[in-house]
Amino acid sequence: MSFESRQSSLAILLLPFLLSFLSPMVSASVEQSEIAAEEQTDMEPWDQWDQDDEGKYIFCEYNSEGNAECDYLFPWGGDEQMQFKEYHSYETMKARMLRLAADNSEFMQFHEGLNGGTNARGEQTTSNNYEGWYYGHGSPWLKITGNVEGGVTNTFNGDSGNYPDRPDVMIVGNHHAREWMSYETPLLVMETIAYYYGKGPIDNDGDGLIDEDPWGDADGDGQIDDDGDCLSLAAEWQDSNGDGKPCNPGDFGVDEDFSEVELTNLVNNREIYLIPMLNVDGNKYDREVWVGNNCDGGEAWENGCATSGWRKNLRDNTVTGVTPIPDPDEAVDPACDGVDLNRNYQFEWGAPLGATGPLFPGMCYAGEAGPNNDVYNGPVDTTDQDDDGRLNEDHVDGKDDDGDGLLDEDWMGGNSEPETKFIQDLTEMNDDDGDGSSDYKTTLTYHSFSELVLYPWGHCTNCQSPDHEQLIYHGDQMATMTDYTNMQSSDLYPTSGDFCDWHYGVHGSYCYTMEIGTAFHQHQDDVDHIAVRNIGVAFYMAEMADNPRERADLALANVWRNQILEQPSQLVIPASGSIPVEMCLDTAFSIDYADSASHVMYRMVKPSRSQSDYGPGEWFSEDWSSVGFESADDDCELLNSSGTGYKIVAYLPIEDTANGKLHYKAMISTLSGTQKVEYPQNSQYYEIKIDYRAPFGSLFGSVMLFMTVAVFVWGGLGVCLRMMMVDPDEVKYLDDVSDAILDAELSEEDSS
């Protein structure tokens, strides 16, 4: 080995030590580069998002003029319908629902109509009672919940996966046949759940970050584009949905990177009843007959047809059992037939606001006031439900109108249609906990159009419901998600017998109507971005389904934002024993101390050699443990100078010999039923490094160990350095001298 090569070996040996001094400067340089990248603006979409990533959601291609055209690209692939660039028909929708239910049987279950039996009102029904008058189809629906084949089976409704401790939410589309966007949005909710359920954190937009832009305003700063990637696009791309508002809901880069873990947790802890197309009869007629007869050979959104179409179901209004003259033509009579399903629910049915009743029951006659009117509310009921010899003296309004001690028992009409009777019995026969009332605490119905969020009441003007402020609060959250206007339904126009008034007035369910889009027959180019704009609302409704009133009350009092979970910088790690994690709660938050309800979840992790990024994506498969809270019998200061709260603490049983990274997060519930509110939010967690805390032995043993290490490691290093630094000629000279001395000694021995 030459002297130069030994010097090279020395340099290589010392290189790690030199790099350790240089690393802070390198890190600073990298950070500056990242900051510069974040500050970069005026990018094109294909520069912003990596189209090769699993989470890609935008696809750009160049047209003949050389200009880029970009669209949403949903990660599940498929044809134009799969990509929400073309409307589904009833047949393709049902086929897709069946496919997803078969492929995801652990959390999705397909149904059509109901089995029937004896309903909550004592009526005998069969599956035929829930099939459309004309085409004979029931409304397809999905039951979505974790372990949907487990739980209790509801023989009347036909579904399993019924759990007393899981709140229920109903999501309904297409009450009105011509409102095609109203069923596409629930279908996107379905596809989103099917694709992302059970998956770890995904970089949905391919920007290198994870779960940084959930639906709505995650941190309350008024900014919908939480990660700023829409704002960094060139101005011409910031209004990709063409609504005139840059970086608004539905635009590229807005609400595009939600938490897949949060979605999975939501599905596992809720029962979601998804009914994309309630009015199958009317929709088929609108698509297959009305458009062909009225749009001059064009598409449904052409030739003036965008804001017109068939609205009702296909009830034959000349054959009701009352009219003495039979209907000579069994085909649909567009001048007479059909009932407006969203005027046919029983609460305040028949009120002379926003609905039209028959002049003579069962008779079809001409004129705008007749049954052919778009808002015809259905036939008058002719059954004496309470057998008192009188008819219709106690309609459904929550009052004992006839003073007989019974409530709403002899209604005037409503729920006369297969579709509304389906909703009635699906609702009233869904009682998992056996308390005699429906389990739906939140319900959502999609309509089009107007870009509005509507809440009860609809049947009266200048009136307020008992939950007026709370309904406004949740409506405001959904209006923020969509940039729609939140208002009381009757402020748009009065209605009677509508879905939300019935669900809220009769069953106490917080109910909202989303009027989405800008047309009945929306142009199919708008399907994807309008659906994207509105799916967050469905997940918000599912989240608040545990206790919507209390959630609103706590939010209005800023309780959520003022409570504190100790952050890593605040944790005190004891020299040994369990690690205490404290929370400061508002006195308005009455915590449920049961371990299953309120707890800290934690795990210890150690990076493997193959892991280069220790973020959420690396640790998704690691199991969590949990430990309950107990009272700390101490006061604490809440955030935002909001006053004094009470302290709780959880003791994490971390071994003294453990070392690595501690992940932790809190789940807290109230005694009133609000379930497992997360701190921090959006399925994030805190991380802190935990060092080995166990003693290493006695002082003498430590000194001896140090000396041993010093002798063998540093002594050996010194020998190696000396060997490397000695000139080869000197080494050769010393070798020659050593050989001469050895030869002389050997000669002396031989001569002696």
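Before reading further, recall that the structure is shown in the block above.
Values in this document were obtained by computation on a predicted structure and should not be read as measured data.

Novice: Looking at this structure, I do not really get the overall build of the protein chain. What am I missing?
Specialist: Along its length, the protein chain carries 16 helices and 21 strands. Here the protein chain holds 752 residues, and the buried ones make up 50% of them. Within the protein chain, contacts between residues separated by at least 24 positions form 74% of all contacts whose residues are at least 6 apart in sequence. Of the roughly 34,000 Å² of accessible surface on the protein chain, 52% is carried by carbon and sulfur atoms.

Novice: When you look at the packing of aromatic side chains in this model, what are you seeing that I'm missing?
Specialist: For any pair of aromatic rings, the description consists of the separation of the ring centres together with the inter-plane angle of the planes. With the rule as written, the count across this model stands at 25 aromatic pairs. A centroid spacing of 5.1 Å and a plane angle of 70° characterise the contact between Tyr285 and Trp310, whose relative ring orientation is edge-to-face. Residue Tyr285 is located in helix H6 (residues 280-294), and its partner Trp310 is located in the loop between H6 and helix H7 (418-428); the two are separated by 25 residues in the primary sequence. Given a relative accessible area of 6%, Trp310 falls into the buried group. Pairwise contacts between aromatic rings join Tyr72, Phe74, Trp76, Phe84, Tyr195, Tyr196, Trp215, Phe252, Phe258 and Phe539 into one cluster. Sitting over the ring of Trp411, Arg121 keeps its end group 4.8 Å from the ring centre.

Novice: Hey, could you run me through a negative patch on the surface in this one?
Specialist: Residues Glu61, Glu65, Glu69, Asp71, Asp79, Glu80, Glu86 and Asp525 make up a contiguous surface patch of negative charge. With respect to the secondary-structure elements, Glu69 resides in strand E2 (residues 68-72).

Novice: It is not clear to me how the sheet that holds strand E13 (residues 564-565) should be interpreted in this structure. Could you clarify?
Specialist: Note on sheets: strands pair through backbone hydrogen bonds, and any given pair is parallel or antiparallel. One open sheet holds the four strands; their spatial order is E13-E14-E18-E17, and the pairing between them is antiparallel. At either margin of the open sheet sits one strand with a lone partner, and together these are E13 and strand E17 (630-637). Of the strand pairs in this sheet, strand E14 (residues 579-585) and strand E18 (residues 644-652) are connected by seven bridges, and their pairing is antiparallel. Bridge pairing links Ile579 to Leu652 in E18.

Novice: Any chance you could explain the state of the cysteines here in plain terms?
Specialist: Joining two cysteines, a disulfide is a covalent bond between their sulfur atoms. Inspection of every chain in the model, using the stated rule, returns five disulfides. Residue Cys230 pairs covalently with Cys247 via a disulfide, S to S 2.2 Å. Measuring the twist about the S-S bond at about -95°, one finds the Cys230-Cys247 disulfide to be left-handed. Taken together, the residues span a long stretch of sequence, with Cys230 in the loop between helix H4 (181-196) and helix H5 (260-268) and Cys247 in the loop between H4 and H5 at a distance of 17 residues. Of the two residues examined, Cys230 and Cys247, each falls in the buried class.

Novice: Would you mind going over the side chain of Ser509 with me for this structure?
Specialist: Summarising the element assignment, Ser509 is placed in the loop between helix H10 (499-507) and strand E12 (510-515). Setting aside anything within four residues of it in sequence, one finds Ser509 in contact with Tyr440, Lys441, Thr442, Thr443, His503 and Tyr504.

Novice: Explain the environment of Tyr135 here, please?
Specialist: Note on placement: Tyr135 falls in the loop between strand E5 (124-126) and strand E6 (140-144). What makes Tyr135 partly exposed here is its relative accessible area of 24%. With 146 residues separating them in the primary sequence, Tyr135 and Asp281 have C-alpha atoms 5.9 Å apart. Apart from residues lying up to four places away in sequence, Tyr135 is in contact with Asp281, Lys284, Tyr285, Glu288, Val289 and Leu314.

Novice: Got a minute to help me understand the packing of H4 against H5 in this structure?
Specialist: Geometry of a packed helix pair, given as the angle between the helix axes and the separation of the axes. At a minimum axis separation of 10 Å, H4 and H5 run at an interaxial angle of 105°. The angle between H4 and H5 places the two elements in the roughly perpendicular class. Only Glu260, Leu263, Thr264 and Val267 of H5 make contact with H4, whose side of the interface consists of Thr192, Ile193 and Tyr196. Across the contact of H4 with H5, the residue classes tally to four nonpolar, two polar and one charged.

Novice: I keep staring at a nonpolar patch on the surface and nothing clicks. Help me out?
Specialist: On the surface, a nonpolar cluster with roughly 540 Å² of combined accessible area is contributed by Phe700, Val703, Met704, Phe706 and Met707. With respect to the helices and strands, the residue Val703 is situated in helix H15 (residues 699-725).

Calculation criteria
Residues numbered from 1 in each chain as written. Predicted model: local features only at pLDDT ≥ 70, side-chain atom pairs only at ≥ 80, totals over all residues. Heavy atoms only, no water. Helix = DSSP H or I, 4+ residues; strand = E, 2+ residues; numbered from the N terminus. Buried < 20%, exposed > 50% of the residue type's maximum accessible area, 1.4 Å probe, protein only. Contact = heavy atoms within 4.5 Å. Areas by Shrake-Rupley, 256 points an atom, 1.4 Å probe, with all protein chains shown as cover. Phe/Tyr/Trp six-rings, centres within 6.5 Å; stacked < 30°, edge-to-face > 60°. Lys NZ or Arg CZ within 6 Å of the ring centre and 35° of its normal. Patch = residues over 30% accessible without salt bridge, like charges linked within 9 Å, V, L, I, M, F, W, Y side chains within 5 Å. Salt bridge = Lys/Arg side-chain N within 4 Å of Asp/Glu carboxyl O. Lys, Arg positive; Asp, Glu negative; His and termini not counted. Charge placed at Lys NZ, Arg CZ, Asp CG, Glu CD. Pairing = 2+ DSSP bridges. Disulfide = S-S within 2.5 Å. Axes fitted to C-alpha atoms, helices over the stretch in contact; angles between N-to-C directions. Parallel < 35°, antiparallel > 145°, perpendicular 65-115°, else oblique. Nonpolar A, V, L, I, M, F, W, Y, C, P; charged D, E, K, R; others polar.

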